[in-house]
Every structure is written in structure tokens, then in C-alpha cells.
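One-letter residues, chain by chain:
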Amino acid sequence: MNQEQRPFIIHSDGTIFVERRHPDIVHLCRELRALAYQVKETEQLLMFRLSIDPARVRHAVEERTAEAWIHWLRQHSKLPVPSQIAQRIKEGFASAPSQPLPEPKEFLDINLESSSRFAELRDYQRQAVESYLGLARQAGGGIILLPCGAGKTVVGLGVMAKLQTETLILAPNATSVKQWERELLNKTTLRATEVGTYTADRKQIRPVTVTTYQMLTHRDTQEDTYPHLQALCQRNWGLVIYDEVHMLPAPVFRLTAELHAARRLGLTATLIREDGKQNEVFSLIGPLAYQCSWKDLERQGWIREAVCREMRIPMPSDAERAYRIADKKQQVRIAAENPAKLEAIAHLLALHEGEQILIIGHYLRQLEEIARRFGFPLITGRMPQALREEWYEKFRSREIPVLVVSKVANLAVDLPSASVGIQVSGTYGSRQEEAQRLGRVLRSSSPGGKAYFYQLVTENTVEEEYAWRRQCFLAEQGYRYELVELEGWMNGTGA
Ligand SMILES: Nc1ncnc2c1ncn2[C@@H]1O[C@H](COP(=O)(O)OP(=O)(O)OP(=O)(O)O)[C@@H](O)[C@H]1O
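In this text the structure is predicted, and so the values were computed from the model without any measurement.

## Quick word on the site of the ligand
- Around the ligand, 21 residues are found, and the nearest of them are Lys152, Thr153, Asp414, Arg440 and Arg443.
- In this structure, lysine 152 approaches the ligand through a side-chain N or O atom, which is 2.7 Å from an oxygen atom.
- A distance of 3.1 Å separates an oxygen atom of the ligand from a polar side-chain atom of glutamate 244.
- Protein coverage of the free-state accessible area of the ligand, which is 640 Å², stands at 88%.
- Residue contributions to the shell around the ligand peak at three residues, all from helix 6 (residues 152–163).

Next up, the structure:
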């Protein structure tokens, strides 16, 4: 083939562009994946990044020697292969472990527990599992998109029960690790000795291991290797589950590609990223395997029907004066911390007395003030994990009726008793944060029931615009926010 028609363009920084029009594109990309992972695609090009890491190289070494790979790249490259690339391949192969990874111990005996503690998979959950398995056979992985509270953890357990294979679960935070552990032990036949958690406190690697994205990317200095990633790379996982995959931090894209996994499963409710990198999630894990709509599950009674209200709150005159002369960044904060929101909260607390209420916000000073004023516990990232769990448990069991929470409770926290959410401030116009926060009050321990979600917005400020942006994703799912002027509402109508 003449040089012009060859499909690869290889840069010295490790970026490899592949022209899609090449007749053998599928086959070439399959081979290239032993050395590189895909990061982007356009109509004409696929973009890969070279990744010569010990875990990945194991595959490549089995197929060809370093010299043979360099020759293969030359054969398909329009321009000469940069010498730095040839060097990286040679060095990477030289440091590849000589022992092959043990094969995953398929037939790990894992089944869903059919005792009274656990009802069966729901229809949509069964369909999600089947669709994923069908796709994973061809594509090696896929993503399941289900609304918040629909039971993505249970779907993950369903997939594990079908594949019966060693599984690594990547969760967004320590609370979520605990929840996975609890669900694995309560809802499957796995024994405690088969389930490990790999966190800052405890480093167990067992046939089923749960860890966080943060653990994978942790290293002491910029020059260090990633010790936890390397420890987890020593096992040949039959399945890697990426929980809340929309949260996958950008540096983890590359790192988790190194994990040696037969299949990958991504779980999320909101595959939108404010950094626009959702396509990279697809290239790393696989295409969409299954999705179902929020409103369908609401109609079927699996998640609560939600009443969403945007409450417009005037600003006291001294705060308004400060707002007018502030720069944009300060304005956001002044509007968010509008002291008149306290009055609105008092009103809503009285209105929903007897229900389980979450007050969710972004600014710690504001949250501390609310917690102090009303005498409720406050959960923030500064609180030790064990204490957070204690408060969550008291809230779940209705021992306490109200929790004030920072963004640590934005997602993945399972509090089925919560049916009222009061959002006092947020991260700018984040659509996924809004949806995830609504999600905290949609879970229902019994079918049916209503949830109330209040977004407190300071009138005539930037918060109005952010509120609108935040609601966009939920609007696409069919949610409508009722616009409420606080004063008129408090003087009579509001319920
Ligand atoms: N088939 C089922 N039988 C019994 N309980 C279930 C079932 N499916 C889900 N649940 C329960 O519903 C609740 C929500 O599940 P889960 O936390 O997995 O939701 P999620 O989809 O991950 O939500 P989020 O996106 O908000 O994290 C949990 O308490 C879970 O135990």
C-alpha cells in the first residue's frame, strides 16, 4: 500500500490518529488496542493514545515482540514512526512482568439472595442485565443508564450473578463503597471472606473488591507511580464496574484503561459532563447497553413522583447593595447565601413536619449557619467517615428527621426514607448535580409516594440563570418546576 493511503499518523507525544476510511479499520483498531486506548473520535478520525504500561503490555507481549510491533506501526504509518515512540515501546516491553496474569477465576459462586431480605430483580433491571450481557459479548463492555434510585447497584449484582466472575467495583466515594459492601453481603450469596474493600483505612483485595476512583489516582508525589492501581492490576478481573461513571475523573480515563479486565460495565443516571467528555466514557467502557426514562419508572411506582418547586426569594436591602457592587464571583456567593433563605427553610420545615428532610447546599458557612439555627446535624467532607455513616444510619431509621448535607451527599448516598429535599445553593449551573440531588429523595422503600424538591433561588440575581441551566437535564426527562414567589406562597397557598 502506498504511504499516502496508510491510516496511522503517529506523533512523538504518543497520540495516534487513525483514518476511518481505511478498508481494514476494524481489524487494525482491534490490534492497536493492545498498545493504545481510544480517547476521541470524529467523522474522519479516531484518536488513540499510546499506553505502554506493565499491565497493558502483557497482552501486547503475547502477540508480538517490541521490534515486531514497531515494524507493524511503520507498515501502517503515513510518516516515519518517531524515535521516542519506538524507544517507549522497547522500554515498556523490557519491564513487562515475565509471569502471565492468572486468568480470572470464572465460576465464582455468586447468586442473588432469594431470602426475604431481597425481592427479585424488577423487569427493567432484568432487561438491563440481559441487554448488557448481549452487548458485552461483542463489545467487551457497555453502559447502563437508569434514573437515580432505580437500583443500579442491584443491576450490577445481577450482572455479576450471571457472569460469576471476579469483579472490581470502582465507586465515587467511601460512603458508596460501604453501600456496595452492604448490598453485596445482604443481597448475594457471597461470603464476607470473598468481599474486600480497598480504601484508605483497609486494603483488602479479594475476589470481589470495592474501591474508589480516588484510590486509583492516589500517589505521594508527581514522580511516583500509582501504588494502589498497581496493586489492583495484579489481578485479572473478569469484570470491572464503574459506578456513577459520569464522575470518572479525567486522569482516571487513562489509568483505568490499564486495569486488566475481560469486561467493563458503566452505571450512571446522568451521562452528562460539564467538561463535555462523555464520549470518552463511551470509548473507554463501551456503548450504551440499556436506558429507561425517569417518568416511566415514576409511572410504574418504582421511584417517587416528584413535585419540583423553584422558590424565588427576595434579598434584604443591605445584601442587595453589596450584590450590586460585587464582581461576578462574589455575586454568585452573595445570592447563594441570601439570609432570607433561612426564613424560607423555616417555613418548609413546618410545612413538611413529620417527613424526612435533606437540606443540601454548597457553601459550608451557609450550611453551618442553617445547622446552628435549627439545631440539626451537618455532614461535610471534613467529618470522619465513620461518623458520617452513623448520622446517615440515624436518618435512615428515622431517629433524626432532618440532615444538613454538603456536596458529599450529592450522589450515590442511599437514604430511602428521605422524601423532601431543600436545595439552598449549588455548583453554578450543574445539570448533573441538580439531577443527582433530586435523586436523593426519589427512592422509595414501598411503591408510590410523593417527593418534594425545593430549589431556593434569590430573586433578580445570577441564581435565576443558574437555576434555569441546572434544570435543563431534568426538563429533558419531563420534570417541570413550579415557579413560586415566596411571599405570596407563605401568606396562604403553599402546600
Ligand atoms: N429489585 C430490588 N429489590 C429490592 N430493593 C431494591 C431493588 N432494586 C433497588 N432496590 C433498593 O432501592 C434503593 C436504591 O437503589 P440504589 O442505591 O442501587 O439506586 P441507584 O440507582 O444506584 O441510585 P443513585 O443513582 O441515586 O445512586 C436501594 O435501597 C436498593 O436496595
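Read on, since the account is not over.
## Points about helix 6
- Compared with an ideal rise of 1.5 Å per residue, which puts 12 residues at 16 Å, helix 6 spans 17 Å between its outermost C-alpha atoms and is within 8% of the ideal.
- For helix 6, the tally of buried residues reaches 10 of 12 residues, placing the bulk of the element in the interior.
- When helix 6 is considered as a whole, its buried residues turn out to be Lys152, Val154, Val155, Gly156, Leu157, Gly158, Val159, Met160, Ala161 and Leu163.

## Points about the pairing of strand 7 (residues 195–198)
- Neither face of strand 7 is left uncovered, since the one carrying Val195 and Thr197 and the one carrying Gly196 and Tyr198 both have all their residues buried.
- The sheet contact formed by strand 7 and strand 8 (residues 208–212) spans four bridges and is parallel. Residue pairing in the sheet places tyrosine 198 in a bridge with threonine 211 of strand 8.

## With respect to the domain arrangement of the protein chain
- According to the domain assignment, the protein chain consists of domain 1 (3–94), domain 2 (123–292) and domain 3 (301–491).
- For domain 1 and domain 2, the distance between their C-alpha centres works out to 27 Å.

## A short note on the nonpolar core
- Core analysis: the biggest nonpolar cluster contains 68 residues, and Tyr132, Ile144, Met160, Leu184, Trp294, Leu438 and Tyr479 have the highest contact counts within it.
- Per-element accounting of this core gives the leading share, seven residues, to helix 5 (residues 123–139).
- Leave out the neighbours within four places in its chain, and tryptophan 294 touches Pro147, Cys148, Ala269, Thr270, Ile303, Ala435, Leu442, Phe473, Leu474, Gln477 and Tyr479.

## Structural notes on the pattern of salt bridges
- A complete count under the given rule lists 25 salt bridges for this structure.
- Salt-bridge contacts for arginine 437 lead to glutamate 433; the nearest nitrogen and oxygen are separated by 3.6 Å. Linking arginine 437 with glutamate 433, this pair stays in helix 18 (residues 431–439), spanning four residues, or about one helical turn.
- Across the salt bridge formed by glutamate 465 and arginine 469, the nearest N and O atoms sit 2.7 Å from each other. Separated by four residues within a single helix, glutamate 465 and arginine 469 lie in helix 19 (residues 462–476), roughly one turn from each other.

## Details of the confidence of the model for the protein chain
- Within the protein chain, residue pLDDT values average 87, and 91% of them lie at 70 or more.
- Here the prediction assigns the complex a pTM of 0.77, and the interface score ipTM is 0.97.

## A short note on helix 15 (residues 341–351)
- Within the sequence span of helix 15, burial applies to Lys341, Leu342, Ala344, Ile345, Leu348 and Leu349. One side of helix 15 carries all its buried residues, which in axial view fall inside an arc of 155°.

## What about the sheet that holds strand 9 (residues 239–243)?
- Pairing is parallel in the open sheet, where seven strands are placed in the order 7-8-6-9-10-5-11. Strands at the two margins of the open sheet, each flanked by one partner only, are strand 7 and strand 11 (288–291). Averaged over neighbouring strand pairs, the angle between their axes works out to 20° when direction is ignored.
- Where strand 5 (residues 141–145) meets strand 10 (residues 264–268), five bridges bridge the pair, whose relative direction is parallel. Looking across to strand 10, one finds that leucine 145 is bridged to threonine 268.
- Packed onto the sheet, helix 7 (residues 174–187) meets strand 6 (167–171), strand 7, strand 8, strand 9 and strand 10 and runs at close to 165° relative to strand 8.

## Focus on the pairing of strand 8
- In terms of burial, strand 8 is a largely internal element, five of the five residues being buried.
- Side chains Val208, Val210 and Thr212 of strand 8 all project onto a buried face; the interleaved residues Thr209 and Thr211 project onto the opposite face, where all are buried too.

Cut-off values and rules
- Residues numbered from 1 in each chain as written.
- Predicted model: local features only at pLDDT ≥ 70, side-chain atom pairs only at ≥ 80, totals over all residues.
- Heavy atoms only, no water.
- Near = heavy atom within 4 Å.
- Polar contact = N/O pair within 3.5 Å; in protein donor to acceptor, adjacent residues only side chain to side chain.
- Areas by Shrake-Rupley, 256 points an atom, 1.4 Å probe, with all protein chains shown as cover.
- Helix = DSSP H or I, 4+ residues; strand = E, 2+ residues; numbered from the N terminus.
- Expected span 1.5 Å × (residues − 1).
- Buried < 20%, exposed > 50% of the residue type's maximum accessible area, 1.4 Å probe, protein only.
- Pairing = 2+ DSSP bridges.
- Domains from an automatic or database assignment.
- Core = buried A, V, L, I, M, F, W, Y, C linked by side-chain atoms within 4.5 Å.
- Contact = heavy atoms within 4.5 Å.
- Salt bridge = Lys/Arg side-chain N within 4 Å of Asp/Glu carboxyl O.
- pLDDT = per-residue confidence, 0-100.
- Arc of directions from axis to C-beta.
- Axes fitted to C-alpha atoms, helices over the stretch in contact; angles between N-to-C directions.

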